[in-house]
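# Examining the three-dimensional arrangement
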Amino acid sequence: MLNLIRAIISRDLRLALRRRADLVSALFFFIIVVSLFPLGVGPEPELLRKLAPGVLWVAALLATLLSLPRLFADDHRDGTLEQLALAPQPLGLIVLGKVLAHWLVSGLPLTLLAPVLGIQFDLSGEALWVLAFSLLIGTPALSGIGAIGAALTLGVRGGGVLLSLLVLPLYIPVLIFGAGAVDAAVIGLGAQAHLSLLGAMMLGGVFFAPWPTAAALRIALE
Amino acid sequence: MGNKLINIYRFASPQAFYPLAGKMIPWFWTLAAIFGIAGLYIGFLVAPTDAQQGEGYRIIFLHVPASWLSMFIYLVMAFWAGLGLGFNFRLSGMMASALAPTGALFAFLSLWTGALWGKPMWGTWWVWDARLTSELILLFLYVGFIALQSSIDDPRRADKAGAILALVGVVNIPIIYFSVKWWNTLHQGSSVSLTKSPSMAVTMLWGMLLCALGCWMYSIAVALMRVRSIMLERERHTDWVRAELAEPGEHAGQE
(Lines give C-alpha, C1' and ligand atoms only; values in the text may rest on other atoms or scores of the structure.)
Protein backbone atom coordinates (compact mmCIF):
# COMPACT_ATOMS: atom_id res chain seq x y z
CA MET A 1 0.00 0.00 0.00
CA LEU A 2 2.76 2.40 0.96
CA ASN A 3 4.74 1.20 -2.03
CA LEU A 4 1.87 2.11 -4.31
CA ILE A 5 1.54 5.60 -2.86
CA ARG A 6 5.30 6.08 -3.02
CA ALA A 7 5.39 4.95 -6.64
CA ILE A 8 2.58 7.35 -7.60
CA ILE A 9 4.25 10.24 -5.79
CA SER A 10 7.64 9.65 -7.38
CA ARG A 11 6.07 9.30 -10.82
CA ASP A 12 4.08 12.52 -10.48
CA LEU A 13 7.07 14.37 -9.09
CA ARG A 14 9.24 13.23 -11.99
CA LEU A 15 6.60 14.39 -14.46
CA ALA A 16 6.25 17.73 -12.70
CA LEU A 17 10.00 18.28 -12.62
CA ARG A 18 10.20 17.69 -16.35
CA ARG A 19 7.78 20.55 -16.88
CA ARG A 20 9.23 23.05 -14.47
CA ALA A 21 7.68 26.03 -16.28
CA ASP A 22 4.20 25.11 -15.01
CA LEU A 23 5.45 24.82 -11.47
CA VAL A 24 7.36 28.08 -11.52
CA SER A 25 4.57 30.05 -13.17
CA ALA A 26 2.14 29.17 -10.35
CA LEU A 27 4.70 30.35 -7.82
CA PHE A 28 5.28 33.60 -9.68
CA PHE A 29 1.53 34.08 -9.85
CA PHE A 30 1.52 33.87 -6.05
CA ILE A 31 4.37 36.38 -5.75
CA ILE A 32 2.80 38.83 -8.21
CA VAL A 33 -0.68 38.72 -6.66
CA VAL A 34 0.75 39.33 -3.20
CA SER A 35 2.95 42.17 -4.48
CA LEU A 36 0.00 43.88 -6.14
CA PHE A 37 -1.77 44.51 -2.87
CA PRO A 38 0.62 47.10 -1.42
CA LEU A 39 0.46 48.87 -4.79
CA GLY A 40 -3.33 48.85 -4.58
CA VAL A 41 -3.93 49.84 -0.97
CA GLY A 42 -0.88 51.96 -0.21
CA PRO A 43 2.41 51.31 1.58
CA GLU A 44 1.51 52.15 5.21
CA PRO A 45 3.11 49.39 7.34
CA GLU A 46 0.25 49.52 9.84
CA LEU A 47 -2.34 48.72 7.18
CA LEU A 48 -0.17 46.12 5.47
CA ARG A 49 0.44 44.26 8.71
CA LYS A 50 -3.31 44.04 9.15
CA LEU A 51 -3.95 42.87 5.61
CA ALA A 52 -1.04 40.42 5.37
CA PRO A 53 -2.68 37.22 6.72
CA GLY A 54 -5.72 37.49 4.49
CA VAL A 55 -3.81 38.55 1.41
CA LEU A 56 -1.20 35.80 1.69
CA TRP A 57 -3.80 33.14 2.34
CA VAL A 58 -6.16 34.20 -0.45
CA ALA A 59 -3.21 34.35 -2.86
CA ALA A 60 -2.22 30.84 -1.74
CA LEU A 61 -5.76 29.58 -2.45
CA LEU A 62 -5.69 31.10 -5.92
CA ALA A 63 -2.22 29.75 -6.69
CA THR A 64 -3.33 26.25 -5.62
CA LEU A 65 -6.39 26.60 -7.81
CA LEU A 66 -4.20 27.48 -10.77
CA SER A 67 -2.35 24.17 -10.66
CA LEU A 68 -5.39 21.97 -9.92
CA PRO A 69 -6.67 21.37 -13.49
CA ARG A 70 -3.39 19.63 -14.33
CA LEU A 71 -3.85 17.17 -11.48
CA PHE A 72 -5.73 14.66 -13.63
CA ALA A 73 -5.98 16.29 -17.06
CA ASP A 74 -2.68 15.05 -18.51
CA ASP A 75 -3.26 11.49 -17.31
CA HIS A 76 -6.78 11.65 -18.67
CA ARG A 77 -5.58 12.80 -22.09
CA ASP A 78 -3.00 10.06 -22.64
CA GLY A 79 -5.10 7.26 -21.14
CA THR A 80 -2.98 6.71 -18.02
CA LEU A 81 -5.95 7.46 -15.83
CA GLU A 82 -7.95 4.61 -17.32
CA GLN A 83 -5.09 2.22 -16.62
CA LEU A 84 -4.88 3.50 -13.05
CA ALA A 85 -8.62 3.00 -12.62
CA LEU A 86 -8.29 -0.58 -13.89
CA ALA A 87 -5.48 -1.35 -11.45
CA PRO A 88 -6.29 -3.89 -8.71
CA GLN A 89 -5.37 -1.36 -6.01
CA PRO A 90 -8.16 0.94 -4.79
CA LEU A 91 -8.43 4.13 -6.84
CA GLY A 92 -8.75 6.14 -3.64
CA LEU A 93 -5.19 5.26 -2.65
CA ILE A 94 -3.89 6.23 -6.06
CA VAL A 95 -5.73 9.55 -5.72
CA LEU A 96 -4.18 10.00 -2.28
CA GLY A 97 -0.74 9.59 -3.83
CA LYS A 98 -1.55 12.13 -6.52
CA VAL A 99 -2.87 14.57 -3.92
CA LEU A 100 0.33 14.27 -1.89
CA ALA A 101 2.42 14.77 -5.02
CA HIS A 102 0.36 17.83 -5.89
CA TRP A 103 0.97 19.22 -2.45
CA LEU A 104 4.72 18.66 -2.80
CA VAL A 105 4.88 20.68 -6.01
CA SER A 106 2.35 23.41 -5.12
CA GLY A 107 1.62 23.65 -1.39
CA LEU A 108 5.13 23.11 -0.08
CA PRO A 109 6.82 25.75 -2.30
CA LEU A 110 4.07 28.23 -1.35
CA THR A 111 4.74 27.51 2.31
CA LEU A 112 8.47 28.12 1.85
CA LEU A 113 7.91 31.32 -0.13
CA ALA A 114 5.24 32.88 2.06
CA PRO A 115 7.50 34.02 4.96
CA VAL A 116 9.71 35.92 2.50
CA LEU A 117 6.66 37.73 1.17
CA GLY A 118 5.46 38.23 4.73
CA ILE A 119 8.57 40.30 5.40
CA GLN A 120 7.42 42.69 2.68
CA PHE A 121 4.27 43.15 4.73
CA ASP A 122 6.27 43.95 7.85
CA LEU A 123 5.11 40.88 9.79
CA SER A 124 6.88 40.10 13.07
CA GLY A 125 9.09 37.05 13.43
CA GLU A 126 6.51 35.12 15.40
CA ALA A 127 3.76 35.90 12.92
CA LEU A 128 6.01 34.66 10.10
CA TRP A 129 6.47 31.34 11.88
CA VAL A 130 2.74 30.99 12.40
CA LEU A 131 2.13 31.90 8.76
CA ALA A 132 4.54 29.24 7.52
CA PHE A 133 3.16 26.64 9.90
CA SER A 134 -0.49 27.41 9.07
CA LEU A 135 0.30 27.07 5.36
CA LEU A 136 2.23 23.87 6.02
CA ILE A 137 -0.76 22.17 7.61
CA GLY A 138 -3.44 24.02 5.61
CA THR A 139 -2.28 23.51 2.04
CA PRO A 140 -2.64 19.68 2.10
CA ALA A 141 -6.34 20.22 2.81
CA LEU A 142 -6.47 22.56 -0.20
CA SER A 143 -4.93 19.88 -2.43
CA GLY A 144 -7.33 17.25 -1.07
CA ILE A 145 -10.53 19.25 -1.45
CA GLY A 146 -9.33 20.65 -4.77
CA ALA A 147 -8.89 17.12 -6.12
CA ILE A 148 -12.66 16.56 -5.81
CA GLY A 149 -13.31 19.62 -7.97
CA ALA A 150 -10.58 18.66 -10.44
CA ALA A 151 -12.09 15.20 -10.86
CA LEU A 152 -15.62 16.54 -11.26
CA THR A 153 -14.60 19.02 -13.96
CA LEU A 154 -12.36 16.59 -15.83
CA GLY A 155 -12.91 17.03 -19.56
CA VAL A 156 -15.80 19.42 -19.02
CA ARG A 157 -16.44 22.60 -21.03
CA GLY A 158 -14.95 25.69 -19.36
CA GLY A 159 -13.29 23.48 -16.76
CA GLY A 160 -10.99 26.09 -15.22
CA VAL A 161 -13.60 28.68 -14.30
CA LEU A 162 -16.04 26.00 -13.23
CA LEU A 163 -13.38 24.49 -10.98
CA SER A 164 -12.95 27.74 -9.08
CA LEU A 165 -16.72 28.08 -8.76
CA LEU A 166 -16.96 24.62 -7.19
CA VAL A 167 -13.87 24.61 -5.04
CA LEU A 168 -13.57 28.13 -3.63
CA PRO A 169 -16.72 27.95 -1.45
CA LEU A 170 -15.40 24.69 0.01
CA TYR A 171 -12.07 26.38 0.81
CA ILE A 172 -13.70 28.95 3.09
CA PRO A 173 -13.17 27.10 6.41
CA VAL A 174 -9.47 26.54 5.62
CA LEU A 175 -9.10 30.22 4.74
CA ILE A 176 -10.85 31.35 7.90
CA PHE A 177 -8.70 29.32 10.26
CA GLY A 178 -5.47 29.72 8.29
CA ALA A 179 -5.69 33.49 8.07
CA GLY A 180 -7.20 33.57 11.57
CA ALA A 181 -4.14 31.86 13.04
CA VAL A 182 -1.80 34.48 11.57
CA ASP A 183 -4.18 37.24 12.59
CA ALA A 184 -4.21 35.99 16.17
CA ALA A 185 -0.40 35.93 16.17
CA VAL A 186 -0.27 39.49 14.83
CA ILE A 187 -2.64 40.74 17.54
CA GLY A 188 -0.70 38.81 20.17
CA LEU A 189 -3.31 36.19 21.03
CA GLY A 190 -2.35 32.54 20.89
CA ALA A 191 -2.80 30.90 17.49
CA GLN A 192 -3.12 27.43 18.91
CA ALA A 193 -6.90 27.06 18.68
CA HIS A 194 -6.87 28.03 15.01
CA LEU A 195 -3.95 25.77 14.25
CA SER A 196 -5.60 22.79 15.96
CA LEU A 197 -8.75 23.23 13.89
CA LEU A 198 -6.68 23.68 10.76
CA GLY A 199 -4.84 20.46 11.53
CA ALA A 200 -8.14 18.64 12.03
CA MET A 201 -9.33 19.96 8.69
CA MET A 202 -6.12 18.85 7.01
CA LEU A 203 -6.46 15.31 8.36
CA GLY A 204 -10.15 15.17 7.46
CA GLY A 205 -9.59 16.63 4.00
CA VAL A 206 -6.65 14.43 3.08
CA PHE A 207 -8.24 11.30 4.49
CA PHE A 208 -11.80 11.65 3.18
CA ALA A 209 -11.42 13.64 -0.04
CA PRO A 210 -9.77 10.84 -2.10
CA TRP A 211 -12.94 8.72 -1.96
CA PRO A 212 -15.38 11.17 -3.55
CA THR A 213 -12.55 12.07 -5.92
CA ALA A 214 -12.22 8.42 -6.95
CA ALA A 215 -15.99 8.20 -7.45
CA ALA A 216 -15.92 11.36 -9.58
CA LEU A 217 -13.03 9.98 -11.65
CA ARG A 218 -14.94 6.78 -12.35
CA ILE A 219 -17.89 8.86 -13.54
CA ALA A 220 -15.62 10.91 -15.78
CA LEU A 221 -14.12 7.76 -17.27
CA GLU A 222 -17.44 6.05 -18.03
CA MET B 1 -46.94 -3.80 1.81
CA GLY B 2 -45.54 -5.68 -1.15
CA ASN B 3 -47.89 -3.83 -3.46
CA LYS B 4 -46.82 -0.49 -2.09
CA LEU B 5 -43.17 -1.24 -2.72
CA ILE B 6 -43.92 -2.21 -6.28
CA ASN B 7 -45.81 1.04 -6.72
CA ILE B 8 -42.88 3.08 -5.49
CA TYR B 9 -40.56 1.42 -7.95
CA ARG B 10 -43.10 1.92 -10.70
CA PHE B 11 -43.13 5.66 -10.11
CA ALA B 12 -39.35 5.75 -10.18
CA SER B 13 -39.62 5.46 -13.94
CA PRO B 14 -40.19 8.76 -15.71
CA GLN B 15 -42.92 7.31 -17.91
CA ALA B 16 -45.09 6.44 -14.90
CA PHE B 17 -44.22 9.55 -12.94
CA TYR B 18 -44.93 12.04 -15.72
CA PRO B 19 -48.75 11.79 -15.62
CA LEU B 20 -48.74 11.49 -11.81
CA ALA B 21 -46.75 14.71 -11.53
CA GLY B 22 -49.14 16.33 -13.96
CA LYS B 23 -52.07 15.40 -11.72
CA MET B 24 -50.33 16.60 -8.56
CA ILE B 25 -49.23 20.02 -9.84
CA PRO B 26 -52.67 21.76 -9.67
CA TRP B 27 -53.15 20.47 -6.11
CA PHE B 28 -49.86 21.88 -4.94
CA TRP B 29 -50.53 25.19 -6.68
CA THR B 30 -53.91 25.38 -4.94
CA LEU B 31 -52.38 24.60 -1.55
CA ALA B 32 -49.63 27.15 -2.20
CA ALA B 33 -52.23 29.81 -3.02
CA ILE B 34 -54.38 29.01 0.04
CA PHE B 35 -51.48 28.95 2.49
CA GLY B 36 -49.84 31.96 0.88
CA ILE B 37 -52.95 34.13 0.92
CA ALA B 38 -53.85 33.08 4.47
CA GLY B 39 -50.29 33.71 5.66
CA LEU B 40 -50.04 37.10 3.99
CA TYR B 41 -53.50 38.07 5.26
CA ILE B 42 -52.51 37.27 8.84
CA GLY B 43 -49.10 38.79 8.35
CA PHE B 44 -50.20 42.10 6.89
CA LEU B 45 -53.70 42.67 8.27
CA VAL B 46 -54.06 40.72 11.52
CA ALA B 47 -50.63 40.62 13.13
CA PRO B 48 -49.93 43.61 15.38
CA THR B 49 -47.28 46.21 14.65
CA ASP B 50 -44.01 45.35 16.33
CA ALA B 51 -43.25 47.52 19.35
CA GLN B 52 -39.59 48.07 18.45
CA GLN B 53 -39.38 47.55 14.72
CA GLY B 54 -42.61 49.15 13.54
CA GLU B 55 -44.14 47.99 10.26
CA GLY B 56 -40.78 47.15 8.72
CA TYR B 57 -40.63 43.81 10.48
CA ARG B 58 -43.36 42.45 8.20
CA ILE B 59 -40.75 41.44 5.66
CA ILE B 60 -40.03 38.42 7.87
CA PHE B 61 -43.17 36.81 6.44
CA LEU B 62 -41.19 36.32 3.27
CA HIS B 63 -37.68 36.41 4.65
CA VAL B 64 -37.89 33.60 7.20
CA PRO B 65 -39.70 31.10 4.93
CA ALA B 66 -37.20 31.84 2.15
CA SER B 67 -34.25 31.16 4.46
CA TRP B 68 -35.78 27.96 5.80
CA LEU B 69 -36.57 26.66 2.36
CA SER B 70 -33.19 27.54 0.91
CA MET B 71 -31.58 25.26 3.50
CA PHE B 72 -34.28 22.59 3.40
CA ILE B 73 -34.23 22.34 -0.40
CA TYR B 74 -30.48 21.78 -0.35
CA LEU B 75 -30.97 18.81 1.96
CA VAL B 76 -33.79 17.42 -0.17
CA MET B 77 -31.68 17.93 -3.28
CA ALA B 78 -28.75 16.09 -1.70
CA PHE B 79 -31.13 13.31 -0.59
CA TRP B 80 -32.40 12.78 -4.14
CA ALA B 81 -28.89 13.05 -5.51
CA GLY B 82 -27.61 10.44 -3.08
CA LEU B 83 -30.52 8.15 -3.89
CA GLY B 84 -29.74 8.52 -7.57
CA LEU B 85 -26.08 7.77 -7.00
CA GLY B 86 -26.79 4.76 -4.81
CA PHE B 87 -29.65 3.12 -6.68
CA ASN B 88 -29.21 4.54 -10.15
CA PHE B 89 -32.81 5.81 -10.34
CA ARG B 90 -33.12 8.04 -13.38
CA LEU B 91 -35.82 10.10 -11.72
CA SER B 92 -33.70 11.04 -8.68
CA GLY B 93 -31.12 12.92 -10.69
CA MET B 94 -33.88 14.76 -12.52
CA MET B 95 -35.50 15.74 -9.22
CA ALA B 96 -32.18 17.05 -7.91
CA SER B 97 -31.58 19.22 -10.95
CA ALA B 98 -35.21 20.39 -10.88
CA LEU B 99 -34.89 21.53 -7.26
CA ALA B 100 -31.62 23.43 -7.61
CA PRO B 101 -32.93 26.62 -9.31
CA THR B 102 -35.75 26.95 -6.76
CA GLY B 103 -33.27 26.55 -3.92
CA ALA B 104 -30.97 29.16 -5.42
CA LEU B 105 -33.95 31.49 -5.88
CA PHE B 106 -34.89 31.19 -2.20
CA ALA B 107 -31.28 31.71 -1.08
CA PHE B 108 -31.16 34.86 -3.18
CA LEU B 109 -34.56 36.03 -1.91
CA SER B 110 -33.45 35.45 1.64
CA LEU B 111 -30.37 37.63 1.14
CA TRP B 112 -32.33 40.28 -0.74
CA THR B 113 -35.15 40.58 1.78
CA GLY B 114 -32.59 40.43 4.57
CA ALA B 115 -30.83 43.43 3.07
CA LEU B 116 -34.13 45.29 2.74
CA TRP B 117 -34.85 44.55 6.39
CA GLY B 118 -31.33 45.38 7.54
CA LYS B 119 -31.28 48.89 6.07
CA PRO B 120 -34.04 50.37 8.26
CA MET B 121 -33.29 48.19 11.31
CA TRP B 122 -29.49 48.13 11.46
CA GLY B 123 -28.82 51.10 9.19
CA THR B 124 -26.82 49.00 6.77
CA TRP B 125 -27.57 46.71 3.84
CA TRP B 126 -25.04 44.11 4.84
CA VAL B 127 -23.12 42.99 7.91
CA TRP B 128 -20.69 40.10 8.01
CA ASP B 129 -22.86 38.25 10.46
CA ALA B 130 -22.43 34.49 10.64
CA ARG B 131 -25.91 33.76 9.31
CA LEU B 132 -25.69 36.20 6.42
CA THR B 133 -22.30 34.88 5.43
CA SER B 134 -23.32 31.24 5.52
CA GLU B 135 -26.47 31.99 3.53
CA LEU B 136 -24.26 33.67 0.92
CA ILE B 137 -22.03 30.60 0.81
CA LEU B 138 -25.12 28.41 0.40
CA LEU B 139 -26.02 30.49 -2.64
CA PHE B 140 -22.48 29.87 -3.99
CA LEU B 141 -22.95 26.12 -3.50
CA TYR B 142 -26.23 26.21 -5.46
CA VAL B 143 -24.57 28.20 -8.23
CA GLY B 144 -21.71 25.70 -8.38
CA PHE B 145 -24.15 22.78 -8.60
CA ILE B 146 -26.16 24.40 -11.41
CA ALA B 147 -23.01 25.44 -13.28
CA LEU B 148 -21.52 21.95 -13.06
CA GLN B 149 -24.68 20.28 -14.29
CA SER B 150 -25.22 22.65 -17.15
CA SER B 151 -21.66 22.33 -18.43
CA ILE B 152 -21.82 18.54 -18.80
CA ASP B 153 -23.66 17.46 -21.92
CA ASP B 154 -24.27 13.83 -21.04
CA PRO B 155 -27.23 13.94 -18.59
CA ARG B 156 -26.25 10.73 -16.79
CA ARG B 157 -22.77 12.03 -16.08
CA ALA B 158 -24.20 15.43 -15.14
CA ASP B 159 -26.51 13.78 -12.60
CA LYS B 160 -23.77 11.74 -11.00
CA ALA B 161 -21.21 14.54 -10.91
CA GLY B 162 -23.84 16.87 -9.45
CA ALA B 163 -24.74 14.23 -6.88
CA ILE B 164 -21.17 13.96 -5.65
CA LEU B 165 -20.92 17.74 -5.42
CA ALA B 166 -24.23 17.99 -3.53
CA LEU B 167 -23.16 15.32 -1.05
CA VAL B 168 -19.75 16.92 -0.50
CA GLY B 169 -21.61 20.19 0.03
CA VAL B 170 -23.91 18.63 2.63
CA VAL B 171 -20.93 17.35 4.60
CA ASN B 172 -19.36 20.79 4.37
CA ILE B 173 -22.36 22.90 5.33
CA PRO B 174 -22.03 22.35 9.10
CA ILE B 175 -18.26 22.91 8.91
CA ILE B 176 -18.73 26.11 6.94
CA TYR B 177 -21.49 27.30 9.25
CA PHE B 178 -19.48 26.80 12.42
CA SER B 179 -16.27 28.17 10.98
CA VAL B 180 -18.07 31.32 9.88
CA LYS B 181 -19.68 31.59 13.28
CA TRP B 182 -16.39 31.25 15.13
CA TRP B 183 -14.68 33.58 12.69
CA ASN B 184 -17.30 36.20 13.41
CA THR B 185 -17.23 35.85 17.17
CA LEU B 186 -13.44 35.71 17.25
CA HIS B 187 -13.09 38.87 15.22
CA GLN B 188 -15.53 41.21 16.83
CA GLY B 189 -18.21 41.30 19.40
CA SER B 190 -21.32 40.91 17.29
CA SER B 191 -22.99 44.31 17.16
CA VAL B 192 -26.28 42.87 16.04
CA SER B 193 -27.59 39.64 17.40
CA LEU B 194 -29.84 37.59 15.20
CA THR B 195 -29.75 34.56 17.43
CA LYS B 196 -31.72 36.06 20.28
CA SER B 197 -35.22 35.43 19.12
CA PRO B 198 -37.62 38.14 20.17
CA SER B 199 -40.70 37.06 22.02
CA MET B 200 -43.09 36.85 19.17
CA ALA B 201 -46.82 37.36 19.13
CA VAL B 202 -48.74 34.18 18.34
CA THR B 203 -50.41 35.69 15.29
CA MET B 204 -47.00 36.62 13.84
CA LEU B 205 -45.82 33.06 14.30
CA TRP B 206 -48.93 31.71 12.61
CA GLY B 207 -48.51 34.08 9.70
CA MET B 208 -44.92 33.01 9.30
CA LEU B 209 -45.72 29.31 9.47
CA LEU B 210 -48.52 29.65 6.92
CA CYS B 211 -46.23 31.60 4.59
CA ALA B 212 -43.56 28.92 5.02
CA LEU B 213 -46.10 26.23 4.10
CA GLY B 214 -47.15 28.30 1.09
CA CYS B 215 -43.54 28.63 -0.07
CA TRP B 216 -43.03 24.92 0.49
CA MET B 217 -46.03 23.96 -1.64
CA TYR B 218 -44.90 26.44 -4.28
CA SER B 219 -41.47 24.80 -4.36
CA ILE B 220 -42.99 21.36 -4.84
CA ALA B 221 -45.28 22.58 -7.60
CA VAL B 222 -42.49 24.37 -9.44
CA ALA B 223 -40.07 21.47 -9.00
CA LEU B 224 -42.65 19.06 -10.41
CA MET B 225 -43.28 21.31 -13.39
CA ARG B 226 -39.55 21.56 -14.01
CA VAL B 227 -39.02 17.83 -13.61
CA ARG B 228 -41.73 17.22 -16.22
CA SER B 229 -39.90 19.37 -18.74
CA ILE B 230 -36.60 17.69 -17.89
CA MET B 231 -38.22 14.28 -18.44
CA LEU B 232 -39.56 15.28 -21.83
CA GLU B 233 -36.20 16.69 -22.84
CA ARG B 234 -34.13 13.72 -21.74
CA GLU B 235 -36.50 10.99 -22.89
CA ARG B 236 -37.34 12.64 -26.20
CA HIS B 237 -36.15 9.62 -28.17
CA THR B 238 -38.62 7.27 -26.42
CA ASP B 239 -42.02 6.24 -27.64
CA TRP B 240 -43.99 7.49 -24.66
CA VAL B 241 -42.67 11.03 -25.04
CA ARG B 242 -43.47 11.00 -28.74
CA ALA B 243 -46.99 9.83 -27.91
CA GLU B 244 -47.28 12.44 -25.16
CA LEU B 245 -46.14 15.23 -27.45
CA ALA B 246 -48.15 14.02 -30.42
CA GLU B 247 -51.44 13.95 -28.50
CA PRO B 248 -52.25 17.67 -28.42
CA GLY B 249 -51.41 17.91 -32.11
CA GLU B 250 -53.77 15.07 -33.00
CA HIS B 251 -56.57 16.64 -31.03
CA ALA B 252 -56.01 19.90 -32.80
CA GLY B 253 -56.12 18.07 -36.11
CA GLN B 254 -59.41 16.39 -35.28
CA GLU B 255 -61.14 19.53 -34.20
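Attention in this report is confined to the structure presented alongside it. (Residues numbered from 1 in each chain as written. Chains lettered and ligands numbered in written order. Predicted model: local features only at pLDDT ≥ 70, side-chain atom pairs only at ≥ 80, totals over all residues. Heavy atoms only, no water.)

What follows is about the packing of aromatic side chains. Residues and elements named next belong to chain B. What the rule picks out here adds up to nine aromatic pairs over all chains. Plain terms: the ring middles of W29 and Y218 are 5.8 Å apart, the flat faces sit at 70 degrees to each other, and that makes the pair edge-to-face. Here W29, found in helix α2 (residues 14–46), pairs with Y218, found in helix α7 (residues 202–234); they are 189 residues apart in sequence, far enough to count as distant. On the accessibility criterion, W29 (35% relative accessible area) is partly exposed. When its relative accessible area of 27% is taken as the criterion, Y218 is described as partly exposed. The positively charged end of R228 is found above the aromatic ring belonging to Y18, 4.1 Å away from the centroid. (Phe/Tyr/Trp six-rings, centres within 6.5 Å; stacked < 30°, edge-to-face > 60°. Helix = DSSP H or I, 4+ residues; strand = E, 2+ residues; numbered from the N terminus. Buried < 20%, exposed > 50% of the residue type's maximum accessible area, 1.4 Å probe, protein only. Lys NZ or Arg CZ within 6 Å of the ring centre and 35° of its normal.)

What follows deals with the interface of chain A and chain B. Of the residues lining the interface, 27 residues belong to chain A; the matching set on chain B comes to 28 residues. Both faces combined, the contact of chain A with chain B buries some 2,200 Å², and carbon together with sulfur accounts for 75% of it. Linking chain A to chain B there are two salt bridges. Linking chain A with chain B are four residue pairs in polar contact (both at pLDDT 80 or more). In terms of residues, the side of chain A that touches chain B owes the most to one element, helix α8 (residues 159–187) of chain A, which gives 10 residues. Taken together, the residues of the side of chain A that touches chain B sort by class into 21 nonpolar, three polar and three charged. (Contact = heavy atoms within 4.5 Å. Buried area = accessible area lost by both parts, 1.4 Å probe. Salt bridge = Lys/Arg side-chain N within 4 Å of Asp/Glu carboxyl O. Polar contact = N/O pair within 3.5 Å; in protein donor to acceptor, adjacent residues only side chain to side chain. Nonpolar A, V, L, I, M, F, W, Y, C, P; charged D, E, K, R; others polar.)

The next thing to look at is unusual backbone geometry. Phi is positive for D122 of chain A, which is not a glycine, with a value near 65 degrees. Within the secondary structure, D122 of chain A is located in the loop between α6 (91–120) and α7 (125–152). A relative accessible area of 36% places D122 of chain A in the partly exposed class. A positive phi angle, close to 65 degrees, is found at N88 of chain B, a residue other than glycine. For N88 of chain B, the location among the structural elements is in the loop between α3 (60–87) and α4 (90–122). Under the relative-accessibility criterion, N88 of chain B is labelled partly exposed at 45%.

Attention now moves to the side chain of D159 of chain B. Within the secondary structure layout, D159 of chain B lies in helix α6 (residues 155–187). D159 of chain B gets classed as buried once you look at its relative accessible area, which sits at 14%.

So, about the nonpolar core. Of all hydrophobic cores here, the largest spans 114 residues; its most connected members are F30, W57, F72 and L152 of chain A. When residues no more than four places from it in sequence are discounted, the contact partners of F72 of chain A are L81, V95, K98, A147, A150, A151, L154, T213 and L217 of chain A. (Core = buried A, V, L, I, M, F, W, Y, C linked by side-chain atoms within 4.5 Å.)

Now for a nonpolar patch on the surface. All names here are of chain B. Together, W68, M71, V202, L205, W206 and L209 line one region of the surface with nonpolar side chains, adding up to about 620 Å² of accessible area. Elements that contribute at least two residues to the nonpolar patch include exactly α3 and α7. When residues of the nonpolar patch are assigned to their parent elements, the largest contribution, four residues, is made by α7. Tracing the backbone shows W206 in helix α7. (Patch = residues over 30% accessible without salt bridge, like charges linked within 9 Å, V, L, I, M, F, W, Y side chains within 5 Å. Areas by Shrake-Rupley, 256 points an atom, 1.4 Å probe, with all protein chains shown as cover.)

With that settled, consider the pattern of salt bridges. Residue and element names in this part refer to chain A. This model, assessed by the stated rule, comprises 15 salt bridges over all chains. D122 is the salt-bridge partner of R49, the closest N and O atoms lying 2.7 Å from each other. Remark: D122 occurs in the loop between α6 and α7 and R49 occurs in helix α3 (residues 45–67); sequence separation between them is 73 residues. For R49, a relative accessible area of 26% gives the class partly exposed. One network of salt bridges, with partners in common, ties together R19, D22, R70, D74 and R77.

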